[in-house]
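# Commentary on secondary and tertiary structure
What follows is the residue order along each chain.
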Amino acid sequence: MNKFDIIKRPIVTEQSMDEMEFNKYTFEVDKNATKPEIKEAIEEVFGVKVEKVNTMNVRGKMKRQGVHQGRRPAWKKAVVKLTDDSEPIEFFDSI
């Protein structure tokens, strides 16, 4: 699996922006990616040192439009904590 396929997109919410003070960054990742794969992908793509990775599977919400009912797709979220001596991820600095 390609490193760029593991990291799908950054998650930008109030909570994720507050956690950036503590060197924590949040990403949507591939559902089949493991913690070591996520760590390796973040280090290679952004050139930083990762201390630890926390992951969670987010269930899709039920949605309806009129009489039709469906479910949004489930996805996987990863919160990556960088080491203290690591540089911050520059991508998030511009947001």
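So, here's what we can say about the structure. (Residues numbered from 1 in each chain as written. Predicted model: local features only at pLDDT ≥ 70, side-chain atom pairs only at ≥ 80, totals over all residues. Heavy atoms only, no water.)

## Digging into unusual backbone geometry
Among all residues except glycine, the phi angle is most often negative; among peptide bonds, the trans geometry is most common. We note that N23 has phi near 60°; this positive angle belongs to a residue other than glycine. Among the secondary structure elements, N23 is positioned in the loop between helix 2 (14-19) and strand 2 (24-29). With a relative accessible area of 18%, N23 lands in the buried category. (Helix = DSSP H or I, 4+ residues; strand = E, 2+ residues; numbered from the N terminus. Buried < 20%, exposed > 50% of the residue type's maximum accessible area, 1.4 Å probe, protein only.)

## Let's talk about the side chain of T26
Tracing the chain through its elements places T26 in strand 2. Among all residues touching T26, those that are not within four sequence positions of it are P10, I11, S16, E19, K77, A78, V79 and F92. (Contact = heavy atoms within 4.5 Å.)

## Notes on the pattern of salt bridges
Proximity of charged atoms lets side chains of opposite charge pair with each other. Going through the model one piece at a time under the given rule, you end up with three salt bridges. Between E28 and R9 there is a salt bridge, with the nearest N and O atoms lying 2.6 Å from each other. Here R9 lies in strand 1 (residues 7-10) and E28 lies in strand 2, a separation of 19 residues in the sequence. Judged by its relative accessible area of 13%, E28 falls in the buried class. Note that D85 is salt-bridged to K49, the shortest N-O span being 3.4 Å. (Salt bridge = Lys/Arg side-chain N within 4 Å of Asp/Glu carboxyl O.)

## Section: the nonpolar core
Core analysis: the biggest nonpolar cluster contains 18 residues, and Y25, F27, I38, I42, V80, L82 and I89 have the highest contact counts within it. Residue assignment for this core shows that the elements contributing at least two residues are strand 2, helix 3 (35-46), strand 3 (50-58) and strand 6 (75-82). Ignoring any residue separated from it by four or fewer positions in sequence, one finds F27 in contact with I7, R9, P10, I11, I42, F46, K76, K77, A78, V80, I89 and F92. (Core = buried A, V, L, I, M, F, W, Y, C linked by side-chain atoms within 4.5 Å.)

## A look at the sheet that holds strand 3
In a beta sheet, neighbouring strands pair by backbone hydrogen bonds and run either parallel or antiparallel. Pairing in this open sheet of four strands is antiparallel, and the strands run 1-2-6-3 from one edge to the other. One side of each edge strand has no neighbouring strand; the edge strands of this open sheet are strand 1 and strand 3. Adjacent strand axes in the sheet meet at a mean angle of 30°, parallel and antiparallel pairs treated alike. Pairing of strand 3 with strand 6, which is carried by eight bridges, proceeds in the antiparallel orientation. Looking at the pairing, N57 lines up with K76 of strand 6. On top of the sheet, helix 3 reaches strand 1, strand 2, strand 3 and strand 6; it is set at about 120° to strand 3, its chief contact. (Pairing = 2+ DSSP bridges. Axes fitted to C-alpha atoms, helices over the stretch in contact; angles between N-to-C directions.)

Coordinates in, geometry out; function isn't part of it.
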